[in-house]
Amino acid sequence: MASSAAQIHALGGIGIATYSSSSKSNLNSAKRQAVVNPENTFSSVKRFIGSRMDEVAEESKQVSYRVVKDENENVKLDCPAIGKQFAAEEISAQVLRKLVDDASSFLDEKVTRAVITVPAYFNDSQRRATKDAGRIAGLDVLRIINEPTAASLAYGFERKSNETILVFDLGGGTFDVSVLEVSEGVFQVLSTCGDTHLGGDDFDKRVVDWLASNFKKDEGIDLLKDKQALQRLTEAAEKAKIELSSLTQTNISLPFITATADGPKHIETTLTRTKFRELCSDLLDRCKTPVENSLRDARLKFKDIDEVILVGGSTRIPAVQEVVRKLTGKEPNVTVNPDEVVALGAAVQAGVLAGDVSHIVLLDVTPLSLGTNTVGDVRKRCRECTTSTRNLRGSERAEVLQVQRRNETLRTDSVMSKIIPRNTTLPTSKSKVFTTVDDGQTRVRFHVLQGEREFARDNKCLGSFLLDGIPPAPRGVPKIDVKFDIDANGILSATATDRATGNKQEITITGSTTLSKDEVEKMVKEAERFAKDDKQKREAIDTKNQADSVVYQTEKQLKEFGEKIPGEVKEKIESKLQELEDKIGSGSTQEIKDSMAALNQVMQIGQSMCNQAGPEAGAGAGPSPWR
Amino acid sequence: MDIAEKKLSENDYVGAKKFLTKTQNLYPHLDGLSQVSMMIHVYITAANKIINGGKESDLYGVIGVDPLADDEALKKQYKKLALLLHPDKNKFRGAEGAFKLVSNAWSVLSNKTKRSAYDQMRKLSTGMQKPPAPSQPNKPPGSSKW
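About the thresholds
- Residues numbered from 1 in each chain as written.
- Chains lettered and ligands numbered in written order.
- Predicted model: local features only at pLDDT ≥ 70, side-chain atom pairs only at ≥ 80, totals over all residues.
- Heavy atoms only, no water.
- UniProt positions renumbered as here; feature names shortened; annotations may be inferred.
- Buried < 20%, exposed > 50% of the residue type's maximum accessible area, 1.4 Å probe, protein only.
- Helix = DSSP H or I, 4+ residues; strand = E, 2+ residues; numbered from the N terminus.
- Pairing = 2+ DSSP bridges.
- Salt bridge = Lys/Arg side-chain N within 4 Å of Asp/Glu carboxyl O.
- Axes fitted to C-alpha atoms, helices over the stretch in contact; angles between N-to-C directions.

In the nomenclature of an unreviewed UniProt entry, chain B corresponds to J domain-containing protein from the organism Brassica cretica.

Looking at an unreviewed UniProt entry, chain A carries the name Heat shock protein 70, with the source organism given as Brassica cretica. According to UniProt, the comment filed for chain A under the heading Sequence similarities (unreviewed entry) is "Belongs to the heat shock protein 70 family."

Written as structure tokens, this is what we have:
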């Protein structure tokens, strides 16, 4: 399935990255590191990517590191160890770089292009930020695809039958539901719904809060204020949660969690499956709404669904599976590996894009509506300015003709007028006619908004542009065509054209709202430099280790065969050995390498002499110890 | 075929069709022939506004089914077009525009309420007036109102 032409790589469910001054993106030891060094270990970065501080206020309290905002209210992650604040994109880029390195060494081929997956309910800014992360990691991001859609691709890839499937994707931090119809090789997404603030981490948090409140009751100490204790609690909670997927109860043991004047304090308790369920009951309830909404949007009933596919590690929780079973009346399909299926699907899509997979096409949708701002209370307005509708004739009257303020900023009473409704198949372009609200109004500012909320300011603003030079006319007379276009790569552009003059203004949303183009460029360069530094550091460590073992082997051989070689040669070896030992202590990587080579040379002389002296002894020296 | 592609991007569908027919006669087994010919078909039918006094095009024609076709037949044909025209599968210029036209037609015809409203309108206008000659100047699809 993996296509070598398309250099595949998928990022599904990335949760953990470390970023401390000594070691970067060391995935294996990240969790251990998190306990020792909570302020400098970053986890669940995906929750912050492409977001403003006010959108993630709740999440920022739940992590062990400090989440701060920059001058533009965007999220930054503070790393006190090196006195730097990182964008979430940079941390994600480190994770990607590590994955790319691993993939490259596994395939023995350089990986340069990628298909990256994101939660389906990610907004445009989060998607672009993810793309930026890919670029910072030195990747050409071919496509950003939705995780549940990717899962369905992997699931339906080898199947021939026509089916309607529901993908239930509960990951570490986000929850997605997608309904798809698979037939004739066409994977058509019918609807997508989700909750970007619900995932396995929330289940852990419930256990943490339970442990901490019990501890406070018994000991009077608030463990949540102690970052290190909090990290240990979180780790224990996650472990308990995972164990409860196969056991009905589990022990939580946290010795020396804190200390008072009386001595050390420990946590030793039992958590049952029933209790865990009770702690998380509201989270389980929150899983229901997106499932119901996605079906409603797809205009289907539960009986129309042929298969329910579970994706994401959190769907291993028995209580979650039960919710799905009860809600859909179907036994969920557990034949796919919930952790891997998303990455496999990304590989299928990469194959499609590269032209290696010919019989499949994916028709995905935009998960959130796109539109622009119009004046609030339209009814009131229309009564005031009767001209705005009186001048319209025929079919245009039937079209939504709305009024537009000239304000630069979004007014609190502006409402959102949808141009591309959610669940529209991509690529797409749609347009609507707008007009002015004031007499003699010559300019209009259009905000490009994304979301489902009634009032404009409650939606995500992706950008704005100004159309001016409208000939002065009574309100409601000018006609402005506003066209929104999303291409196959998800690039959104908006155009406003004044029919009277043909004046045209447009905006193409290329970047996320969190990082400017220049910032991304800077980060790409910085990351390249870091990658070089990292490579040098790794090489230095490898060389040192190699030199250490050479010293050890040489000493051992000298001890064993020392008598068999002439004193002169032996002295030479000993002096070179000493030299190497000195260099290991203080020399550069190159110097160590040189000394190693020098020692190697004299040792070969020694070995050959040794072999001449007696082949039976020489055989003992065996194969050359250095390789 | 390159010329056909270029004519397509210049919104000259009739010209494009002429060159395509030539290509078809010369190299009947050329790769991508069906893709380009489908694109041309979609553009021509979509630009031919015969419904509602020249405001709407024949959505059944765009998808290429009989107006009396059932949901299954319609769906099958739409999927066939999606495989041919989606820009992930069709690398010719103009594929995206053609796909958007098909997808717009599908979004009306796959929705029961919208389809019956469209059928109503279609009945009225085809009953009242004769369809204009197909050789009328083709407007670029971007300016069409759906």
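That was the structure; now back to the text.
**Topic: helix H5 (residues 147-156) of chain A**
Counting buried residues along H5 of chain A, ten of its ten residues qualify, which places the element largely inside the surrounding structure. Residues of H5 of chain A that are buried: Glu147, Pro148, Thr149, Ala150, Ala151, Ser152, Leu153, Ala154, Tyr155 and Gly156 of chain A.

**Looking at the pairing of strand S17 (residues 415-420) of chain A**
All names here are of chain A. Burial runs high along S17: five of the six residues are buried. One ladder, built from five bridges, connects strand S15 (residues 370-374) with S17; its direction is antiparallel. What sits directly across from Thr374, in S17, is Val415.

**Brief notes about the pattern of salt bridges**
Charged atoms that come close allow side chains of opposite charge to pair. Following the criterion strictly, the structure yields 42 salt bridges over all chains and no others. The partner of Glu181 of chain A in a salt bridge is Lys75 of chain B, and the shortest N-O contact between them spans 3.1 Å. With Glu181 of chain A in strand S9 (residues 175-183) and Lys75 of chain B in helix H5 (residues 71-85), this residue pair bridges two chains. Under the relative-accessibility criterion, Lys75 of chain B is labelled partly exposed at 22%. Here Asp195 of chain A makes a salt bridge to Arg286 of chain A, at a shortest N to O gap of 3.2 Å. Here Asp195 of chain A is found in strand S10 (residues 186-195), whereas its partner Arg286 of chain A is found in helix H9 (residues 281-286), with 91 residues between them in sequence. Taking the relative accessible area as the measure of exposure, Asp195 of chain A reaches 18% and is therefore buried. Among the residues examined, Arg286 of chain A registers a relative accessible area of 33% and is labelled partly exposed. Overlapping salt bridges bring together Arg296, Asp297, Lys418, Arg422 and Glu452 of chain A as one network.

**Some details on the sheet that holds strand S4 (residues 75-79) of chain A**
Sheets are built from strands paired through backbone hydrogen bonds, the pairs being either parallel or antiparallel. All names here are of chain A. The strand order across the open sheet built from three strands is S3-S4-S5, with neighbouring strands paired in antiparallel fashion. The sheet is open, and its two edges are formed by strand S3 (66-69) and strand S5 (84-86), each paired on a single side. Each strand axis lies, on average, 40° off the axis of its neighbour in the sheet, ignoring direction. Both S4 and S5 contribute to a ladder of three bridges, which runs antiparallel. Looking at S5, one finds that Cys79 is bridged to Lys84.

**Describing the sheet that holds strand S19 (residues 444-450) of chain A**
Residues and elements named next belong to chain A. As summarised here, the arrangement of the four strands in space is S17-S15-S19-S20, forming an open sheet in which the pairing is antiparallel. Sheet topology places S17 and strand S20 (460-467) at the edges, where each strand pairs with a single neighbour. Going across the sheet, the axis of each strand differs from the next one's by a mean of 30°, ignoring polarity. Pairing of S19 with S20 involves seven bridges; the strand directions are antiparallel. Bridged to Val448 within S20 is Gly463.

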